[in-house]
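Coordinate analysis (summary)
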Amino acid sequence: MVKKILSVALCAIVLIFIYAPILLLVLYSFDNSTVIDLNKFNFSFDLYKDLFRDEEIMGILFNTIWLALVAAALSTILGTAGAIGIFYSRKKVSKPLQAVSQIPVINAEIVTAISLALLFSMIMLYRTYFSLIIGHMVLCTPFVILSILPKLKQMDSNTYEAALDLGASPTQALFKVVIPQIFTGILSGFMLSVTLSLDDYIVTAFTKPKTFDTISTYVYNAVKNGTNSSTPALRALSAIIFIVMIAVLLALNLRARKPKQEANKR
């Protein structure tokens, strides 16, 4: 009984430690004060009104979403192909490939950003949309591979060969047999890539065109300068992003539970 109470208390403390600052931000997105004052709270929707009226922030939000979706889609395609290739390769080849694919995960992001900046400077593509998208793909693709490989390992490795023996072409076997079985991993990898791209600052700052801004670079510059009148409205934007991501995750989890519940009923 004591152990159960302690474990619940520990989980509650950890969750409060993680989510209390975010919940505080959501709460004060309904406060129109320029500076957050814990002793005062003026309930208002003014920050949300200012947010949607601000053409600059709306343009930057579009840039961020566009970049995240493009980078996530390309990373998911590349990561899916890489994960399948690693899984069906011989052990002597698959293990080194898997280890190399995870270097960007354990490597410091600043090292990745500087190395990309040097590479694109050498090939005269520094600070272009190409360098920006490739930079985000380098960041996201390893996480897609990490999301898909466990699903491939759960799958019967003989399924693909069985489909070929039954007359399916390699392309048909891939898209009609393998992909459906690992689709949840692909979707998880895509959502994780979107989140990583939306959140990234370092790689974006080193690879983006000078006239292009994302939410992360815009927020950094706004806080650094301290003179931007749009800064309070960013609280509303952050609250919206948090609520949308929570809603998407809940929807995905509920969708994943339905097949399991139906299978249990049968």
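Residues numbered from 1 in each chain as written. Predicted model: local features only at pLDDT ≥ 70, side-chain atom pairs only at ≥ 80, totals over all residues. Heavy atoms only, no water.

1. Some thoughts on the nonpolar core
- Counting 16 residues, the largest nonpolar core has Leu51, Ile57, Ile215, Tyr218, Leu234, Ala236 and Leu237 as the members making the most contacts within it.
- Where this core is concerned, the elements lending two or more residues are α2 (46-53), α3 (55-88), α12 (215-225) and α13 (233-265).
- Counting residues per element, this core draws most heavily on α13, which supplies six residues.
- The two domains that each donate at least three residues to this core are domain 1 (64-231) and domain 2 (233-266).
- Setting aside anything within four residues of it in sequence, one finds Ile215 in contact with Ile60, Leu61, Thr64, Leu237 and Ile241. (Core = buried A, V, L, I, M, F, W, Y, C linked by side-chain atoms within 4.5 Å. Buried < 20%, exposed > 50% of the residue type's maximum accessible area, 1.4 Å probe, protein only. Helix = DSSP H or I, 4+ residues; strand = E, 2+ residues; numbered from the N terminus. Domains from an automatic or database assignment. Contact = heavy atoms within 4.5 Å.)

2. Describing the side chain of Thr207
- Looking at the secondary structure, you find Thr207 in helix α11 (residues 202-207).
- A distance of 2.7 Å separates a polar side-chain atom of Thr207 from the backbone oxygen of Val203.
- Beyond its immediate sequence surroundings of up to four residues, Thr207 is in contact with Leu116, Arg127, Thr128, Ser131 and Leu132. (Polar contact = N/O pair within 3.5 Å; in protein donor to acceptor, adjacent residues only side chain to side chain.)

3. What about the packing of aromatic side chains?
- Following the criterion strictly, the structure yields eleven aromatic pairs and no others.
- Judged by centre distance (6.2 Å) and plane angle (90°), the ring pair of Trp66 and Tyr129 falls under edge-to-face. Taken together, the residues Trp66 in helix α3 and Tyr129 in helix α7 (residues 129-154) connect sequence positions 63 residues apart.
- For Tyr129, a relative accessible area of 43% puts it in the partly exposed group.
- With a centroid separation of 5.5 Å and an interplanar angle of 90°, the aromatic rings of Tyr129 and Phe212 are classed as edge-to-face. With a gap of 83 residues between them, Tyr129 in helix α7 and Phe212 in the loop between α11 and α12 connect regions that are remote in the sequence.
- Following the ring pairs from residue to residue traces out a cluster consisting of Phe30, Phe43, Phe45 and Tyr48. (Phe/Tyr/Trp six-rings, centres within 6.5 Å; stacked < 30°, edge-to-face > 60°.)

4. Regarding the domain arrangement of the chain
- The domain boundaries assigned to the chain delineate domain 1 (64-231) and domain 2 (233-266).
- Relative placement of domain 1 and domain 2: their C-alpha centres are 22 Å apart.
- Listed as interface residues are nine residues of domain 1 and, on the opposing side, eight residues of domain 2.
- Interface area, domain 1 with domain 2, both sides summed: about 740 Å², of which 83% is carbon and sulfur.
- Remark: the boundary between domain 1 and domain 2 carries zero salt bridges.
- Counting every contact that joins domain 1 to domain 2 gives zero residue pairs in polar contact (both at pLDDT 80 or more). (Buried area = accessible area lost by both parts, 1.4 Å probe. Salt bridge = Lys/Arg side-chain N within 4 Å of Asp/Glu carboxyl O.)

5. Some words on the environment of Ile106
- Checked against the element boundaries, Ile106 lands in helix α5 (residues 103-106).
- A C-alpha to C-alpha distance of 29 Å links Ile106 and Ala12, two positions 94 residues apart in sequence.

6. Things to note about the packing of α3 against helix α10 (residues 183-199)
- The contact between α3 and α10 brings their axes to 8 Å, and the two run at 140°. The orientation of α3 relative to α10 falls into the category oblique. Two packed elements cross with a definite hand, and for α3 against α10 that hand is right-handed. Of the residues in α10, those in contact with Thr64, Leu67, Ala68, Leu69, Ala71, Ala72, Ala73, Ser75, Thr76 and Thr80 of α3 are Ile186, Gly189, Phe190, Ser193, Val194, Ser197 and Leu198.
- Among the residues forming the contact of α3 with α10, the class breakdown is ten nonpolar, seven polar and no charged. (Axes fitted to C-alpha atoms, helices over the stretch in contact; angles between N-to-C directions. Parallel < 35°, antiparallel > 145°, perpendicular 65-115°, else oblique. Left-handed = near helix turned anticlockwise from the far one by under 90°. Nonpolar A, V, L, I, M, F, W, Y, C, P; charged D, E, K, R; others polar.)

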